[in-house]
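# Breakdown of the fold
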Amino acid sequence: MEVFVARQPIFNLTEEVFGYELLYRKDKKENAFPNVDGDQATTELIINSFLSIGIDKLSNGKPCFINFTENLLKLGLPTYFRPREIIVEILETVIPSPELIEICMDLKAQGYRIALDDFVLNELNPYTHDLLKLADIIKVDFLFTPVEMREKIEAIAKDLKIEMVAEKVETREAFEAAKERGYHYFQGYFFAKPVIISTHDVPTYFHSYYEMIQNLSMTEPNIDRITELIERDISLSYKLLKLINSPAFRPKQKINSIRQAVVLLGLIELQKWIYVLAVRESSVGKREISQEKIHISLTRARMCEEIEKIRQNRPSSPSNFMTGMFSMVDSLLCMPMDIILKDLPLEEEICEALTGKENQLKDVLDLVLAVEKAEWTVISEKCKELTIDEKDLFKIYAESLSWANELSFGEQLL
């Protein structure tokens, strides 16, 4: 599944990039905001930016302007991100109210900067002036806002020492005029159209977020249960590993299990992202995905884990489960395996097995693949090499299929 984010630079007086506005896009064909729910657009944008593409790749260390709807502001979604990473952009559709003022005061106290998008002065609303006193930046549509309204906004901004962004600057003349009027930043087609950046993501399949949030909210969260829920969901596992590999969290040692990733990320950070994903899912509902591929991935993971457990007569290394689980990620993402693994902090032995290099993990995975394809000669040879009884192998296969089926059935009931 390909995901998209549009990024439009915002320039300062010397025509250097001050920051970027991140914009939701559904595909590459139309570089414009699609007709979708605002909550969905923002949560999709956040997930695609931070988890799929990587905010470091999008921002180049600059602050990113992100639009927040009234509902997402009430849910406290902006506070899930570092104040230096984002500028909270309040949409023009959000009506100033006592609740909004309280939200903005709290954001300011935590160090967030607030921008008012496409600002239009509503002098009849008594809370408009209170909101202006909390704003760091006002964005003014330089193309369509009437001159008289612009002049009022400019005078207020100057009086309150609020920085101004001239939006929809489409000519050199408009740029020069905005500079003369005291604008600090400039955004529009004169400088650059939004550039669409894309990557591939594993679509969401399981919806275990509610149970995970419950576990994470406990006084003593059950890490084993949280790990188990994440391991069932290859989409969430993939996002978790991508996040761990970002500059903010990148581990010194490579990872061989989801449990290790959970511990390295930390329960507070994990809870934040589970919450964001849950909000997104409540907006968009079910997604198209190849259930068969997910079912195969889960079956392989369980088989690899159980085969190694029987061979060693003790709990197997989590590397076996990870190898089986990610053995179809190239098919799910429609990308070469070696390119995918560059963005994941998996230990070398897992990467080698997934790219076809001989090692113990690959030996077990090869046996699992032989069972899938009913390659009886290969199965017999591999069982001898790995000292495993064929009867035990097919018992593991049946139990792994049943386990994956139970998960799939549970998903259908949601």
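Cut-offs used in this document
- Residues numbered from 1 in each chain as written.
- Predicted model: local features only at pLDDT ≥ 70, side-chain atom pairs only at ≥ 80, totals over all residues.
- Heavy atoms only, no water.
- Helix = DSSP H or I, 4+ residues; strand = E, 2+ residues; numbered from the N terminus.
- Contact = heavy atoms within 4.5 Å.
- Buried < 20%, exposed > 50% of the residue type's maximum accessible area, 1.4 Å probe, protein only.
- Pairing = 2+ DSSP bridges.
- Right-handed = clockwise from strand over helix to strand, strands pointing away.
- pLDDT = per-residue confidence, 0-100.
- Salt bridge = Lys/Arg side-chain N within 4 Å of Asp/Glu carboxyl O.
- Polar contact = N/O pair within 3.5 Å; in protein donor to acceptor, adjacent residues only side chain to side chain.
- Arc of directions from axis to C-beta.
- Phe/Tyr/Trp six-rings, centres within 6.5 Å; stacked < 30°, edge-to-face > 60°.
- Axes fitted to C-alpha atoms, helices over the stretch in contact; angles between N-to-C directions.
- Parallel < 35°, antiparallel > 145°, perpendicular 65-115°, else oblique.
- Left-handed = near helix turned anticlockwise from the far one by under 90°.
- Nonpolar A, V, L, I, M, F, W, Y, C, P; charged D, E, K, R; others polar.

### So, the overall build of the protein
- The number of helices and strands found in the protein is 20 helices and nine strands.
- Here the contacts in the protein between residues at least 6 apart in sequence split such that 66% fall between residues at least 24 apart.

### Observations regarding the pairing of strand β6 (residues 137-141)
- Here β6 lies mainly inside the structure; five of its five residues are buried.
- Relative to β6, strand β5 (residues 113-116) runs parallel, the two being bridged by two bridges. By the bridge assignment for β6, Leu116 is matched with Ile138.
- What joins β5 to β6 is helix α5 (residues 128-134), and the crossover it makes is right-handed.
- Sheet analysis places β6 next to strand β7 (residues 163-167), joined by five bridges and oriented parallel. Bridge pairing in β7 links Ile138 to Met164.
- Between the parallel elements β6 and β7, the chain passes through helix α6 (residues 147-160) in a crossover that is right-handed.

### Thoughts on the confidence of the model for the protein
- Residues at a pLDDT of 70 or more form 81% of the protein, whose mean pLDDT is 80.
- Contacts from residues 409-414, a stretch scored under 50 in pLDDT, to residues over four places away or in other chains number seven contacts.

### Here's the deal with the pattern of salt bridges
- Applying the stated criterion to the full structure yields 24 salt bridges.
- Residue Lys139 pairs with Glu167 through a salt bridge whose shortest N-O separation is 3.4 Å. One end of the pair, Lys139, is in strand β6; the other, Glu167, is in strand β7, and 28 residues separate them in sequence.
- Overall, Lys139 belongs to the buried group, its relative accessible area being 0%.

### Considerations on the side chain of Thr145
- Tracing the backbone through its elements, the reader meets Thr145 in the loop between β6 and α6.
- Its relative accessible area of 10% is what places Thr145 among the buried residues.
- Of the polar contacts made by the side chain of Thr145, one reaches the backbone oxygen of Asp141; its length is 2.8 Å.
- Beyond its immediate sequence surroundings of up to four residues, Thr145 is in contact with Val140 and Arg150.

### With respect to helix α7 (residues 172-180)
- Inspection of α7 places Ala174, Phe175 and Ala178 among the buried residues, and these make up the whole buried set. Down the axis of α7, the sector holding all buried residues measures 100°, keeping them to one side. Turned more than 90 degrees from where α7 packs its buried face, Glu173 and Glu180 sit exposed.
- Summarising the contacts, the buried residues of α7 are in contact with β7 and β8 (185-186).
- Taken from the residues just after α7, Gly182 is the one with a positive phi, measuring 95°.

### A few points about the packing of aromatic side chains
- Overall, the coordinates contain six aromatic pairs when judged by the stated rule.
- Residues Phe18 and Phe65 carry aromatic rings whose centres are separated by 6.2 Å and whose planes lie at 65° to one another, so their mutual orientation is edge-to-face. Here Phe18, found in strand β2 (residues 17-25), pairs with Phe65, found in strand β3 (residues 64-68); they are 47 residues apart in sequence, far enough to count as distant.
- For Phe18, a relative accessible area of 15% puts it in the buried group.
- For Phe65, a relative accessible area of 0% translates into the label buried.
- Relative to Tyr185, the ring of Phe18 has its centre 4.0 Å away and its plane inclined at 20°; by these criteria the two rings are stacked. Here the residue Phe18 occupies a position in strand β2, and Tyr185 occupies one in strand β8, the gap between them amounting to 167 residues. Per residue, the accessibility class of Phe18 equals that of Tyr185, and both read buried.
- Each member of the aromatic cluster is reached from another via a ring pair, and the members are Phe18, Phe65 and Tyr185.

### Examining the packing of helix α14 (residues 318-325) against helix α18 (residues 360-373)
- Look at α14 against α18: their axes get within 10 Å of each other, and the N-to-C directions meet at 50°. One element, α14, and the other, α18, form an angle in the oblique class. Seen from above, α14 lies across α18 with right-handed handedness. On α18, the residues that touch Ser319, Asn320, Thr323 and Gly324 of α14 are Leu361, Val364 and Leu365.
- Of the residues that constitute the contact of α14 with α18, the class distribution is three nonpolar, four polar and no charged.

### Notes on the packing of helix α10 (residues 234-244) against helix α11 (residues 258-265)
- Where α10 contacts α11, the axes come no closer than 10 Å and their chain directions differ by 45°. In terms of orientation, α10 lies oblique with respect to α11. Pair α10 / α11 crosses with left-handed handedness. Taken together, the residues of α11 that come into contact with α10 (itself represented by Ser237, Leu240, Leu241, Leu243 and Ile244) are Ile258, Ala261, Val262, Leu264 and Leu265.

### Comments concerning α14
- Across the eight residues that make up α14, a large majority, seven, are buried.
- Among all positions of α14, only Ser319, Asn320, Phe321, Met322, Thr323, Gly324 and Met325 are buried.

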